[in-house]
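Below, each chain spelled out in residue letters.
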Amino acid sequence: MGDPENPQLSKDGDIILGGIFSFHRSWINRRDTYMHKPLPLQCISLNFRGFQHAQAMLFAIDEINNSSDLLPGITLGCKIYDSCGSIARGVRASLALINSQETIFKLSDKCTKPAQVQAIMGESSSSPCMAIATVIGPFHIPLISHFATCDCLSDKNKYPSFLRTIPSDHYQSRALAQLVKYFGWTWVGAIRTNDDYGNNGMATFIETAEELGICVEYSVAVFRTDPPEKIQQIIDVIKASTSRVIVGFLSHLDMDVLLIELSQHNLTGYQWVGSEAWIFESHIAAMDVHHILDGAVGLSIPKAHVTGMKEYILGVKQLNSSKCSGHEDLAGVKNTFTDMSLMPILYNIYKGVYAVAHALHDVLSCNNTCNKTILQHIKRISFKTKEGDEVYFNENGDPPAKYEIINWQPTENGNVEFVPVGLYDASLPADRQLTLTNRTLVPVSVCSEKCPPGTRKVLQKGKPVCCYDCLRCADGEISNSTDSISCVRCHSEFWSNERRDACIKKKEEFLSYEEMMGALLTAASLLGTCLTAVVMFIFFRYRRTPIVRANNSELSFLLLFSLTLCFLCSLTFIGRPSGWSCMLRHTAFGITFVLCISCVLGKTMVVLMVFRATLPGSKAMKWFGPAQQRLSVLAFTLIQVFICLLWLTVSPPFPFKNIKDFKDRIILECALGSAVGFWSVLGYIGLLAMFCFILAFLARKLPDNFNEAKFITFSMLIFCAVWVTFIPAYVSSPGKFSVAVEIFAILSSGFGLLICIFIPKCYIILLKPERNTKRNLMGKEGPTH
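Residue positions are counted from 1 within each chain, in the order its sequence is given. Selection of residues for local features in this predicted model requires a pLDDT of at least 70, selection of side-chain atom pairs for listing and counting requires 80 or more, and totals for whole chains, interfaces and linings are taken over all residues. To obtain the side-chain values, all non-hydrogen atoms of the structure were included, while hydrogens and water were left out.

Tell me about the sheet that holds strand β17 (residues 416–425), and please be specific about residues and values.
Note on sheets: strands pair through backbone hydrogen bonds, and any given pair is parallel or antiparallel. Strand pairing is assigned whenever DSSP detects at least two bridges linking the two strands. Numbering of helices and strands runs from the N terminus; a helix is a DSSP stretch of H or I covering at least four residues, while a strand is a stretch of E covering at least two. In spatial order, the strands read β10-β9-β11-β12-β13-β16-β17-β18; together these eight strands make up an open sheet with mixed pairing. Of all strands in the sheet, those bounded by a partner on one side alone are β10 (215–222) and β18 (434–436). Across this sheet, the average inter-strand angle for adjacent strands is 25 degrees, counted without regard to direction. Here four bridges tie strand β13 (residues 297–300) to strand β16 (residues 402–410), and the two strands are oriented antiparallel to one another. In the sheet register, Gly298 faces β16, and the bridge partner there is Ile406. Every residue pair with non-hydrogen atoms within 4.5 Å of one another is taken to be in contact. To get an axis, a line is fitted to the C-alpha atoms, and for a helix only the part in contact is used. The angle between two axes follows their N-to-C directions and goes from 0 to 180 degrees. Its contacts with the sheet put helix α6 (residues 196–211) on β9 (187–193), β10 and β11 (245–249), and the angle it makes with β9 is roughly 160 degrees. Its contacts with the sheet put helix α7 (residues 228–240) on β9, β10 and β11, and the angle it makes with β10 is roughly 165 degrees.

See below:
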């Protein structure tokens, strides 16, 4: 192949373009290197891809030379060097191109000659391009790469003369992260080439992945010259991992080495996500006989077609070798050179040559009126290729970022087909940059399963953010989305459902007529009302008998009327509380009970007055006759009416939704408004009851055959006992049970008064009429025989 320091391919012309491609691969024995025995680089194997690249450049030059519109009357020539995959050889070739020195440079040589080339096409990798761009940058000679994607090369402060026709990894790394996110993979492994391309690209990927909530379980680096021990360490890391997705930011050369090791360990079942450097390499697919990479998905340069290029490349007759006759036909040969699957890369070279040609055309059209260099012109050009694609560079020397998403799908014959499944266009809004048109079944790769609605994520201590536990939301809290990081508390009138994924309105609870307890209390209230009505009828029917006329029949009928109201007022406590019912239930209860106790008190005082009236010279009944009895009842009752009016005026009872006592339901109750008003009403009733009890107790042994004070004493004892026990029971009873306790106290008191005072009289009236005489009541009749 000749001296590697001399051009491998050249073409005469008025203007010369440089080219640096790898026609060979350089290898160093790994073991000798790590045994501190570095050997010189050797070009030991042909790289047919490099020859394809050179032929694409020659094709573009010939097409331009045959054009009458672009650079008319001027021919382009070229000098193309073989870098042999070595950064050092690439730098030396670039110096040879700009100084027209065909021999190896010495440190003492001075670069004083004018540049011999106007632009250089190449290299294929980022690290060689960084070195070459650093060297030729001061000369303002454009270096246009077709396959160097490191984002670092977009830094115009470091690499002012570098341009490329392939998008920067700034976009590819983010696109890969979005692709992983699209498929729902949050737990991935990462393998990168240990050079500028892999390290920078993977760093951007990891940064973007973290922003998208993706966790990287491990990130390891590999290089094709690594010793077997280091490759084995990577295999061990993969085996020990739990993630099922591997993102490979690798060059195709490093993927070759890694694939061999993966095949030896039969590491199948992983979902690979690849960068453009290897994902559409047909020779890697051909190597994968163990189907390690089946189903791989990744980004590739969009498919391209350049009319005439394939025929031009396959029509080559001789490549500087004496073994070739020049009449060989490559159309029937199947190898890397004849494989046109990398046409998009060749198209990038084609576009780069045309970009230089358009810049030269602009410079020559200036007629020496413009001071801009070819580098400045090439940064400003914009044109369309014959295939209709627009070519231009942004301020960083990068083209528009567009990728095709491809999927490795095995065919029936055991081969792999690269099937397009989507597109990525960085020029679109963020939410529309990634589109997949043919989504295939993919494995699940997560550290923790998604937390369903009704739970929240809690990070596991010492683990990445993608490793978490799912905790059920607490009572009254919900989460209605997957992977919620927190639970939201429901509104005070709502409660969480059983699944904790929705807030439902709390059940409103109050003592209703429909439920068993409300129905029983209603029945008891109506029963008391009916019994009172029956007693009232009996008393009215026998109103002229001595037992009814004794102790003031008017007070008896008023007492029966007040008892009827007491039984009926208990019904106001049942049902949904409203503003009127809340005010009515407490005031009606207070007034009717005072009326009732006032009547009992009046009857007790009548007993005492009657006894004192039998004493010689007593005028007691004169001062406590019927009129005074009515006035006392009215006075006692008006005091309670005044207390109730004052209560209703200052702070009346009102309907209230109690959400504190029970978390899962709302208690509809009547708030007291003024607690002082409520306890004043009860206190006044209690005061009258105690006064009545004392008077009845004092009159219990008076010498009448039928002394009503005995029954009043017993009834007041029951009354006081009920209301003394009512207070702690009322305070401690929850919700509607406090209302039930109050109703029970009202009914118990009413029944106590009714039974103790009136049932004995009804017994005599109906069953013992012979005892219903004045003499018997006064105790003046002897026993009958």
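Can you lay out the environment of Leu346 for me, pointing to particular residues and giving the numbers?
Following the sequence through the fold, Leu346 ends up in helix α11 (residues 343–365). Remark: the alpha-carbon pair of Leu346 and His53, spanning 293 residues in sequence, is separated by 6.0 Å. Non-local contacts of Leu346, meaning those with residues more than four positions away in its chain, are made with Gln52, His53, Ala56, Met309, Ile313 and Met340.

Which residues make up the side chain of Ser124, and what are the values?
The topology assignment puts Ser124 in the loop between β6 (120–122) and α4 (126–136). Polar contact criterion, stated in full: a pair of N or O atoms within 3.5 Å, where within protein one must be able to donate a hydrogen and the other to accept it, and residues adjacent in sequence count only if both atoms are side-chain atoms. At 3.0 Å, the side chain of Ser124 and the side chain of His146 are in polar contact. Residues in contact with Ser124, not counting those within four places in the same chain, are His53, His146, Phe147 and Ala148.

So what about a positive patch on the surface? Which residues, and what values?
Where like charges cluster on the molecular surface, the positive patch consists of Arg541, Arg543, Arg544, Arg549 and Lys774. Residue classification places Arg543 among the partly exposed positions, given a relative accessible area of 34%. Exposure above 30% relative accessible area and the lack of any salt bridge qualify a residue for a patch; like charges then connect within 9 Å, and the nonpolar side chains Val, Leu, Ile, Met, Phe, Trp and Tyr within 5 Å. Values of accessible area rely on a 1.4 Å probe in the Shrake-Rupley scheme; residue burial ignores everything except the protein chains shown. The salt bridge criterion pairs a side-chain nitrogen of Lys or Arg with a carboxyl oxygen of Asp or Glu, the two atoms within 4 Å. Charge counting treats Lys and Arg as positive and Asp and Glu as negative, with His and both chain ends excluded. Charged side chains are reduced to one point each, which is NZ for Lys, CZ for Arg, CG for Asp and CD for Glu. The buried label goes to any residue with under 20% of its type's maximum accessible area, the exposed label to any with over 50%, and the partly exposed label to all in between, with areas taken from a 1.4 Å probe on protein chains only.

How would you summarise helix α15 (residues 553–569) if you had to cite specific residues and measurements?
The terminal C-alpha atoms of α15 lie 24 Å apart, and with 17 residues this matches the ideal 24 Å at 1.5 Å per residue to within 8%. Along α15, the residues classified as buried are Leu555, Ser556, Leu559, Leu560, Ser562, Leu563, Thr564, Cys566, Phe567 and Cys569. Multiplying 1.5 Å by the helix residue count minus one yields the expected span of that helix.

An account of the UniProt feature "transmembrane region" (unreviewed entry) in the chain is requested, with residue identities and associated values reported.
Those residues carrying the UniProt feature "transmembrane region" (unreviewed entry) are residues 516–542, 554–575, 587–611, 631–650, 678–699, 711–731 and 743–766 in this numbering. Along residues 631–650 the backbone is 100% helical and 0% strand, and the end-to-end C-alpha distance reaches 28 Å. Helix makes up 100% of residues 743–766 and strand 0%, with an end-to-end C-alpha separation of 31 Å. UniProt positions are given in the numbering used here, feature names are shortened, and annotations may be inferred rather than shown by experiment.

Go over the confidence of the model for the chain, please, and point to the residues and values.
What pLDDT conveys is the predictor's confidence in a given residue, as a value from 0 to 100. Here the chain shows a mean pLDDT of 84. Residues at 70 or above account for 86%. Scored below 50 in pLDDT, residues 28–40 shows 19 contacts in the model against residues more than four places distant or in partner chains. Here residues 101–114 is a poorly scored stretch, pLDDT under 50, and it has 20 contacts once near neighbours within four places are set aside; other chains count.

Please set out the packing of aromatic side chains residue by residue, giving values where relevant.
In this scheme Phe, Tyr and Trp rings, the latter by its six-membered ring, pair at centre separations within 6.5 Å, and the angle between planes marks the pair as stacked below 30 degrees, edge-to-face above 60, and tilted otherwise. Enumeration according to the criterion identifies 17 aromatic pairs in this entry. Ring geometry for Tyr197 against Phe249: centres 5.1 Å apart, planes inclined by 45 degrees, an arrangement best described as tilted. Pair noted here: Tyr197 is in helix α6 and Phe249 is in strand β11, with a separation of 52 residues, a long-range link. When sorted by exposure, Tyr197 lands in the same class as Phe249, which is buried. Ring geometry for Tyr350 and Tyr354: centres 4.8 Å apart, planes at 45 degrees, overall tilted. Of the two residues, Tyr350 and Tyr354 are both situated in helix α11; the distance of four residues between them amounts to about one turn of the helix. A relative accessible area of 1% places Tyr350 in the buried class. Taking the relative accessible area as the measure of exposure, Tyr354 reaches 13% and is therefore buried. Across from the ring centre of Phe494, 5.3 Å away, lies the NZ or CZ of Lys505, which sits over that ring. Each ring is checked for a lysine NZ or an arginine CZ that lies within 6 Å of its centre and within 35 degrees of its normal; such an atom marks a charge sitting over the ring. Note that Arg665 overlies the ring of Phe662, its terminal NZ or CZ placed 3.8 Å from the centroid.

Hey, could you go over the state of the cysteines for me, with residue numbers and the actual values?
By convention in this document, the label disulfide applies to cysteine sulfur atom pairs within 2.5 Å. Using the criterion set out here, one finds seven disulfides in the structure. With a sulfur-sulfur separation of 2.0 Å, Cys215 is cross-linked through a disulfide to Cys466. Between Cys215 and Cys466, the S-S torsion sits near 90 degrees, and that sign places the bridge as right-handed. Separated by 251 residues along the polypeptide, Cys215 in strand β10 and Cys466 in the loop between β19 (455–459) and β20 (468–472) bring together distant segments of the chain. Grouping residues by exposure puts Cys215 and Cys466 together as buried. A sulfur-sulfur separation of 2.0 Å characterises the disulfide bridge that pairs Cys451 with Cys470. One disulfide, between Cys451 and Cys470, carries an S-S torsion of -90 degrees and so falls in the left-handed class.

Could you give an account of the sheet that holds β6, naming the residues involved and the relevant values?
Read across the sheet, six strands follow the order β1-β5-β2-β6-β7-β8 without closing on themselves; strand pairing throughout is mixed. At either end of the open sheet lies a strand with only one pairing partner, and these are β1 (9–11) and β8 (162–164). Shown here is a sheet whose adjacent strand axes are inclined to one another by a mean of 20 degrees, direction ignored. The pairing of strand β7 (residues 143–145) with β8 spans three bridges and is classified as parallel. Paired with Ile144 across the strands is Leu163, a residue of β8.

Explain the packing of α7 against helix α8 (residues 252–264) to me, and be specific about the residues and the numbers.
Packed helix pairs are characterised by how far apart their axes lie and by the angle those axes make with each other. Contact geometry for α7 and α8: axes closest at 10 Å, N-to-C directions at 60 degrees. Our classification of the angle between α7 and α8 gives oblique. Considering the relative orientation of α7 and α8, their crossing is right-handed. Within the contact between the two elements, α7 uses Ile231, Ile234, Ile235 and Ile238 and α8 uses Val257, Leu258, Glu261 and Leu262. In what follows, roughly perpendicular refers to angles from 65 to 115 degrees, roughly parallel to angles under 35, roughly antiparallel to angles over 145, and oblique to any angle outside these ranges. By convention, the crossing between two helices is left-handed when the near helix turns anticlockwise from the far helix through less than a right angle, and right-handed when the turn is clockwise.

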